[in-house]
Amino acid sequence: MSSLQNNVHDDVRDVALNTGQTEKGPSLGGRSVALIINWTPAVALMSTIFLLSSKPDFGGPAWVSALIRDLLGEGSLLQRVEWLLPYADAYAPWVAHFVEYGALAAAFYWAVRRQWPSIRRTALSAFGATMVYAISDELHQAFVPGRHPDPRDILTDAAGAALALLLALALERLLRTR
């Protein structure tokens, strides 16, 4: 193998293992690839949340029950779950907030942990970044016709982020003891 091939191979291996560090220090190509690999999940989630928040009257009233009715069609299964549909309409937005901001917090945690392994309070950093984005998302909705900011959404986002980060810390601790 040539010297150039060895350097490229080492950079790719080091990026896969951590953050693009080589024995001689960080490589420019390795850092760029690491940056992309580490932050793509968080950027993708933030983009998705932004796009969904930009839709006026997203879903509208009773959109979850309408979707379920369309999926199930007319039949005995729909009759069995019909009583659940008002609950689905009432709680689906909160469940969506809980899950999407839990996933965002996990993505931030993963990115920060891999990009800057020396940061001691990774979970707190990830939680802070998630909450800044949650607040900015609610402010963004104030400018979208048919949408409005709701402080309860921020609380739901915080709960989802906190649970995801607690699970990440527990999983990390479990894997470290093995």
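First, a word on what this report is: a plain description of the structure on this page.

1. Quick notes on the overall build of the protein chain
From N to C terminus, the protein chain includes 7 helices and 2 strands. Put simply, the protein chain runs from its N terminus to its C terminus through helices and strands in the order α-β-β-α-α-α-α-α-α. Every one of the 178 residues in the protein chain was classed for burial, and the buried ones make up 29%. Considering only contacts in the protein chain between residues 6 or more positions apart, those separated by 24 or more positions represent 66%. Working note: accessible area of the protein chain is about 11,500 Å², and carbon and sulfur atoms make up 68% of it.

2. Here's the deal with the side chain of Q115
Turning to its location among the elements, Q115 is positioned in helix 5 (residues 85-115). A polar contact is formed between the side chain of Q115 and the side chain of N38, at a distance of 2.7 Å.

3. Regarding helix 5
Count 3.6 residues to each turn of an α-helix, and residues three or four apart come out pointing the same way. For helix 5, with 31 residues, the first-to-last C-alpha span of 43 Å sits near the 45 Å given by 1.5 Å per residue. Along helix 5, the largest kink reaches about 45 degrees and is centred on Y91; proline P93 follows within four residues of it.

4. Quick look at the environment of F50
Inspection of the secondary structure assignment puts F50 in helix 2 (residues 28-53). It is 6.9 Å that separates the C-alpha atoms of F50 and D137, two residues lying 87 residues apart in sequence.

5. Concerning the pattern of salt bridges
Proximity of charged atoms lets side chains of opposite charge pair with each other. Counted by the stated rule, this structure contains 4 salt bridges. Within this structure, R113, E172 and R176 form a network of salt bridges that share partners.

6. Here we look at the nonpolar core
In terms of nonpolar packing, the biggest core is built from 20 residues, with W39, A42, Y101, L104, F108 and Y109 touching the most fellow members. Breaking this core down by element, the ones donating at least two residues are helix 2, helix 5, helix 6 (122-141) and helix 7 (151-177). For this core, the element with the most residues is helix 5, which contributes 8 residues. Setting aside its immediate chain neighbours within four residues, F108 contacts W39, A42, M46, A126, A129 and T130.

7. Observations regarding the packing of helix 5 against helix 6
Two numbers describe how helix 5 lies on helix 6: the axes approach to 8 Å, and their chain directions differ by 135 degrees. The orientation of helix 5 relative to helix 6 falls into the category oblique. Crossing of helix 5 against helix 6: the hand is right-handed. Contacts between helix 5 and helix 6 involve H97, Y101, L104, A105, F108, Y109, V112 and R113 from the former and T122, A123, A126, A129, T130, Y133, A134, D137 and E138 from the latter. Across the contact of helix 5 with helix 6, the residue classes tally to 11 nonpolar, 3 polar and 3 charged.

8. A short note on the environment of L84
Looking at where L84 falls in the secondary structure, it is placed in the loop between helix 4 (76-81) and helix 5. Taking the relative accessible area as the measure of exposure, L84 reaches 37% and is therefore partly exposed. Remark: the alpha-carbon pair of L84 and S65, spanning 19 residues in sequence, is separated by 8.8 Å.

9. Here's the deal with helix 6
If you check helix 6, its first and last C-alpha atoms are 29 Å apart, about what 20 residues at 1.5 Å a residue would give, namely 28 Å. Restricting attention to buried positions, one finds in helix 6 the residues T122, A123, A126, T130, M131, Y133, A134, D137, E138, H140 and Q141.

10. Remarks on the packing of aromatic side chains
Under the criterion given, the structure shown has 3 aromatic pairs. Site record: aromatic cluster; members linked through ring pairs are W39, F108 and W116.

11. Points about a nonpolar patch on the surface
A cluster of nonpolar side chains, contributed by W83, L84, Y87, Y91, W94, V95, F98, V99, L163 and L167, occupies part of the molecular surface with about 1,000 Å² of accessible area. Listed by contribution, the elements that provide at least two residues to the nonpolar patch are helix 5 and helix 7. Ranked by the residues each element gives to the nonpolar patch, the list is headed by helix 5, at 6 residues. Take F98: it is sitting in helix 5.

Conventions adopted
- Residues numbered from 1 in each chain as written.
- Predicted model: local features only at pLDDT ≥ 70, side-chain atom pairs only at ≥ 80, totals over all residues.
- Heavy atoms only, no water.
- Helix = DSSP H or I, 4+ residues; strand = E, 2+ residues; numbered from the N terminus.
- Buried < 20%, exposed > 50% of the residue type's maximum accessible area, 1.4 Å probe, protein only.
- Contact = heavy atoms within 4.5 Å.
- Areas by Shrake-Rupley, 256 points an atom, 1.4 Å probe, with all protein chains shown as cover.
- Polar contact = N/O pair within 3.5 Å; in protein donor to acceptor, adjacent residues only side chain to side chain.
- Expected span 1.5 Å × (residues − 1).
- Bend = angle between axes of the 7 residues up to and from the residue.
- Salt bridge = Lys/Arg side-chain N within 4 Å of Asp/Glu carboxyl O.
- Core = buried A, V, L, I, M, F, W, Y, C linked by side-chain atoms within 4.5 Å.
- Axes fitted to C-alpha atoms, helices over the stretch in contact; angles between N-to-C directions.
- Parallel < 35°, antiparallel > 145°, perpendicular 65-115°, else oblique.
- Left-handed = near helix turned anticlockwise from the far one by under 90°.
- Nonpolar A, V, L, I, M, F, W, Y, C, P; charged D, E, K, R; others polar.
- Phe/Tyr/Trp six-rings, centres within 6.5 Å; stacked < 30°, edge-to-face > 60°.
- Patch = residues over 30% accessible without salt bridge, like charges linked within 9 Å, V, L, I, M, F, W, Y side chains within 5 Å.

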